[in-house]
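The chain contents come next:
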Amino acid sequence: MKALILTAGSQGDIQPFVALAARLRQAGDEAVLVAPPRFRSIAASRGVAFVPLESFDMTLVAKAMLDVHGPRRFLRLASSMGRLANGTLAGVRSAATGIDIVVHHPLIPLGQHLAESLAVPAVAATPIPAYVPTARFPSPQWAVMTRLPGPINLLSYHATRWAIAAPCRRETDRWRTHQAGLPRRGGRHDPLKDSTGTAIPVLHAFSRHVLPPPHDWPDTAQVTGYWFLPTPRTWEPPHKLARFLTAGPPPVYFGLGSTSLGEPGPLVAAVQQVVTRLGIRALVSRGYRGLAGLEPSQRVLQIGNVPHDWLFPRVRAVVHHGGAGTAGAAAAAGRPQLICPAGVDQPFWGHRMHELGVAPAPLPLRSLTAKGLEHALRQIIEDPGMTERSADLAHAINAEDGIKTAISALHQVLKEGRQ
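Overview of the structure. (Residues numbered from 1 in each chain as written. Predicted model: local features only at pLDDT ≥ 70, side-chain atom pairs only at ≥ 80, totals over all residues. Heavy atoms only, no water.)

1. Considerations on the sheet that holds strand S5 (residues 122–126)
Here is the rule we go by: Think of it this way: DSSP has to see at least two bridges between two strands before they count as a pair. Secondary structure elements are taken from DSSP: a helix is a run of H or I of four residues or more, a strand is a run of E of two residues or more, and numbering for both begins at the N terminus. The convention used is that axes are lines fitted to C-alpha atoms, helices contributing only their stretch in contact, and that angles between N-to-C directions extend from 0 to 180 degrees. Residues count as neighbours in contact if any of their non-hydrogen atoms are within 4.5 Å of one another.
Spatial strand order, S3-S2-S1-S4-S5-S6-S7: seven strands in an open sheet with parallel pairing. The sheet is open, and its two borders are formed by strand S3 (49–52) and strand S7 (221–223), each paired with just one other strand. Neighbour-to-neighbour, the strand axes of this sheet turn through a mean angle of 20°, independent of strand direction. Where S5 lies against strand S6 (residues 202–204), three bridges are found, and the strand directions are parallel. Directly across from Ala124, in S6, lies its bridge partner Val202. Together, strand S1 (2–6), strand S4 (101–104) and S5 form the strand contacts of helix H6 (residues 110–118), whose direction differs from that of S4 by roughly 175°.

Written out as structure tokens, the structure reads:
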């Protein structure tokens, strides 16, 4: 089997697909990863063949979402991704020689069109339960914390799929008719259906122990377990970080990943106040545009990009933005977490981790104060049950092999397509 794997987004969106491609190679299959150029080095470090989506500049997406919250944040994300996707199909199609199957993130709705032009199956893969309709909860992409009536929940998924497909519909139809010799899709652009309107398989790269599959999902939707990308054993931390970790009790990690901050000053001040009041040690990740400008202190160390699977088992708790990848890494490390969401699916994971008892109630980033942050961290520090529940969840997660399950599913799709 030779798979073309198409994805875009932040590092948390890319790493699971690199992990899938690397394991396919280990299993004797072939894989080509198609992603934004800045992730070439991650693919190369795992020996994964790489084709760049040359037009994708994720800093433009981050800027588009700056200071935008709630449902508007996802609309900005979808429209920005759609505009960047325009014009990439021809280049990707030219690199797809000998492909047997296309695996794509639904945020890149080009995957199904590419698969149709190659006459091969398409499979959607996502770390977020945001695309397959369920009456159980609304699509996480809309940053809705509360449960809505079942019919409204179902409608939210159709709105999500429309928002993704709409921005690149015109360019996609032009490519289909002028270059690929395919009929127009017109109003039937749906990232999870083929040209006949048939649902394509969807693999969800998270653990059923974190979120059990809803009972009203179709057989085409599967929860596989997380697709973790393990850090090479040869990786070593910077000397300053290694010294800091051994110089005292485990610190609390603060990081906002790819979340864009308008003015980080108030948040930086809140972190410094809480570290002093609680007498804790802290590791603070700079992120893309995040927590810079902290005053030097023996209690605080500012760090760059450090692999989460290496770092999180060495900290006391994880304070983060609520991205699916970071939430999964903290859960797998067995550490309590505090989620400070900004939008899109982040409130969903904050609420879910709180339901599981491994996190206090989420603190929305735009309304975060030193008092609220201190109160939430005290809950983690003073509740040994939260630490115990986190360890139990990690044991269940790490007993799964999500990538092995995903690869078996891909082979099954190919087998059924050849019958």
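So much for the structure itself; the text now carries on.
2. Regarding the side chain of Thr134
Inclusion rule: Burial status follows relative accessibility: with a 1.4 Å probe on protein chains alone, a residue under 20% of its type maximum counts as buried, one over 50% as exposed, and anything between as partly exposed. The definition of a polar contact used here is a pair of N or O atoms within 3.5 Å, where within protein one atom must be able to donate a hydrogen and the other to accept one, and adjacent residues in sequence count solely through side-chain atom pairs.
In this structure, Thr134 sits in the loop between S5 and helix H7 (150–165). In this structure Thr134 comes out as buried when scored by relative accessible area, which is 0%. At a separation of 3.1 Å, a polar atom in the side chain of Thr134 contacts the main-chain amide nitrogen of Arg136. In this view, Thr134 contacts Asn153, Leu154, Tyr157, Pro214, Asp216 and Trp217; residues no more than four positions away in its chain are not counted.

3. Things to note about helix H1 (residues 11–26)
Going by this rule: To estimate the expected span of a helix, subtract one from its residue number and multiply by 1.5 Å.
Here H1 contains 16 residues, and its C-alpha end-to-end distance of 22 Å stays within 8% of the 22 Å for a straight helix at 1.5 Å per residue. For H1, the full list of buried residues reads Asp13, Ile14, Pro16, Phe17, Val18, Ala19, Leu20, Ala21, Ala22 and Leu24. Positive phi appears at Gly28, one or two residues downstream of H1, with a value of about 95°.

4. Re the sheet that holds strand S8 (residues 252–254)
Strands sit in the order S10-S9-S8-S11-S12 across an open sheet of five strands; the sheet is parallel. In this open sheet, the two strands that pair with only one neighbour each are strand S10 (300–303) and strand S12 (337–339). For this sheet, the mean inter-axis angle between neighbouring strands, taken without regard to orientation, is 15°.

5. Concerning empty space enclosed by the protein
A probe as big as a water molecule, rolled over the atoms, marks out the empty space that is left. Which entries qualify depends on this criterion: Computed over the protein atoms alone on a 1 Å grid, cavities are sets of points where a 1.4 Å probe fits but cannot get out and pockets are open sets with protein on both sides within 12 Å along at least five of seven lines; a residue lines them when it has an atom within 4 Å of a point. Grid points are joined across faces, edges and corners, and a volume is the space filled by probe spheres set on the points. Here the term charged refers only to Asp, Glu, Lys and Arg, the term nonpolar to Ala, Val, Leu, Ile, Met, Phe, Trp, Tyr, Cys and Pro, and the term polar to all other amino acids, Gly among them.
Counted under the stated rule, the structure contains two cavities of 30 Å³ or more. Its boundaries defined by the atoms lining it, the largest cavity holds a volume of some 70 Å³. Along the walls of the second largest cavity sit Pro109, Gln112, His113, Ala165, Cys168, His189, Asp190 and Pro191, which together make up its complete lining. Of the residues belonging to the lining of the second largest cavity, the class tally is four nonpolar, three polar and one charged.

6. Here we look at the pattern of salt bridges
Let me state the cut-off plainly: Only one rule defines a salt bridge in this text: a Lys or Arg side-chain nitrogen within 4 Å of an Asp or Glu carboxyl oxygen.
Per the stated rule, a full pass over the model turns up seven salt bridges. Here Arg161 and Asp190 are joined by a salt bridge, their closest N and O atoms 3.0 Å apart. Separated by 29 residues along the polypeptide, Arg161 in helix H7 and Asp190 in the loop between helix H8 (169–178) and S6 bring together distant segments of the chain. Residue Arg161 shares its accessibility class with Asp190, and that shared class is buried. In this structure, a network of salt bridges that share partners links the residues Arg277, Glu374, Arg378 and Glu382.

7. Remarks on the layout of surface pockets
Estimates place the volume of the second largest pocket at around 350 Å³. When residues of the lining of the second largest pocket are traced back to their parent elements, those giving at least two are H1, helix H15 (384–398) and helix H16 (402–418). Among the elements that take part in the lining of the second largest pocket, H1 stands out by supplying four residues, more than any other.

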